[in-house]
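Letter by letter, the chains look like this.
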Amino acid sequence: MSLIAQYGPHLPFLRRYARALTGSQESGDAYIRACLEALSEDPGMMEEASSPRVTLYRFFHAIWSTTGARLETVGKAGGSTPEARLRKLAPIQRQAFLLTTLEGFSRPEACEILNKSSDELDQLIDAAHQEIEQQLSTSVLIIEDEPIIAADLANLVEDLGHTFAGNAATRKQAVDLARRVKPGLILCDVQLADNSSGIDAVQDILTDFDLPVIFITAFPERLLTGERPEPTYLITKPFQDDTVKAAISQALFFHAQPEPQN
């Protein structure tokens, strides 16, 4: 199989990753060109991994490291965009975070790409999440009609350093509470106490606020119908704490915050 046929389908995603990693499209594309030039000169440089996509990303990292691994620096104003937040992470933490979130690689695949052990990768990802939570501490509204589950989520939110803004068990309670506390994130069930819908509650809230939402439900099929925009963050009950923590980090990190007005 030719190199183009084998690796071409993955190049658009590698360009996305290179841009996020280096901090700019120009810099990211420069590294992609360096990879392609190196391959054209000596295809044998690329060592096969568990899949063509893993092979390509691992080769990109090898080229990036040998050419200086330059990163865009944070400007004086910092910024509240995902790109600006990425630049505050240490390079290796940035790589581990992006590979497992933005690019969706499994833990074993990310270990292959970065040449790290499972324990080393977990440490990098944990450090990235801790840094993100420090950057993006916010108030979290929980919409959940099961008191025990709501309490578990509230404890989890506070363990991450966020503020628990309150729990609502119905659509009306959720909308009223959101307008009062102005949360920065919502964790939401689908089926609520009075047979109202968490989906409808979120739609009402999003007319007033721009904030990320994570649905946590035993009925994911109700959100995966293709009949309306599907949620970016969807967790199935019963959930694992680590899954919810990772989703919170991703949702806050990749949701652009409005820049403060002068």
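These figures come from a predicted structure and were not determined experimentally. (Residues numbered from 1 in each chain as written. Predicted model: local features only at pLDDT ≥ 70, side-chain atom pairs only at ≥ 80, totals over all residues. Heavy atoms only, no water.)

Caption draft 1: Inspection of the overall build of the protein chain at higher detail. In terms of helices and strands, the protein chain carries twelve helices and five strands. Residues classed as buried in the protein chain amount to 46% of the 262 residues present. A fraction of 67% describes how many contacts in the protein chain between residues 6 or more apart in sequence connect residues 24 or more apart. Surface accessibility of the protein chain: about 13400 Å² in total, with carbon and sulfur atoms responsible for 50%. (Helix = DSSP H or I, 4+ residues; strand = E, 2+ residues; numbered from the N terminus. Buried < 20%, exposed > 50% of the residue type's maximum accessible area, 1.4 Å probe, protein only. Contact = heavy atoms within 4.5 Å. Areas by Shrake-Rupley, 256 points an atom, 1.4 Å probe, with all protein chains shown as cover.)

Caption draft 2: Local environment of helix 6 (residues 91-100). Burial of helix 6 is extensive: eight of the ten residues sit out of reach of the surface. Residues of helix 6 that are buried include every one of Gln-93, Arg-94, Gln-95, Ala-96, Phe-97, Leu-98, Leu-99 and Thr-100, and no others. In this structure, the buried side of helix 6 is in contact with helix 2 (11-22), helix 4 (52-66), helix 5 (82-87), helix 7 (107-114), helix 8 (118-135) and helix 12 (241-254).

Caption draft 3: Representation of the nonpolar core in the model. Counting 57 residues, the largest nonpolar core has Phe-60, Leu-187, Ile-214 and Ile-248 as the members making the most contacts within it. Examining the composition of this core, we find that seven residues originate from one element, helix 4, more than from any other. In contact with Phe-60, not counting residues within four places along its chain, are Leu-14, Tyr-17, Ala-18, Leu-21, Tyr-31, Ile-32 and Cys-35. In terms of nonpolar packing, the next biggest core, distinct from the first, is built from 20 residues, Ala-178, Leu-192, Ile-205 and Leu-211 among them. (Core = buried A, V, L, I, M, F, W, Y, C linked by side-chain atoms within 4.5 Å.)

Caption draft 4: Quick peek at the side chain of Ser-249. Relative to the elements of secondary structure, Ser-249 occurs in helix 12. The contacts of Ser-249, once residues within four sequence positions are left out, are His-129, Ile-132 and Glu-133.

Caption draft 5: Layout of the pattern of salt bridges. Summed over the entire model, instances satisfying the criterion amount to ten salt bridges. A salt bridge links Arg-107 to Asp-122; the nearest nitrogen and oxygen atoms lie 3.2 Å apart. With a gap of 15 residues between them, Arg-107 in helix 7 and Asp-122 in helix 8 connect regions that are remote in the sequence. For Asp-122, a relative accessible area of 28% corresponds to the partly exposed category. Look at the salt bridges and you will find they share partners, linking Arg-16, Arg-53 and Glu-103 into a network. (Salt bridge = Lys/Arg side-chain N within 4 Å of Asp/Glu carboxyl O.)

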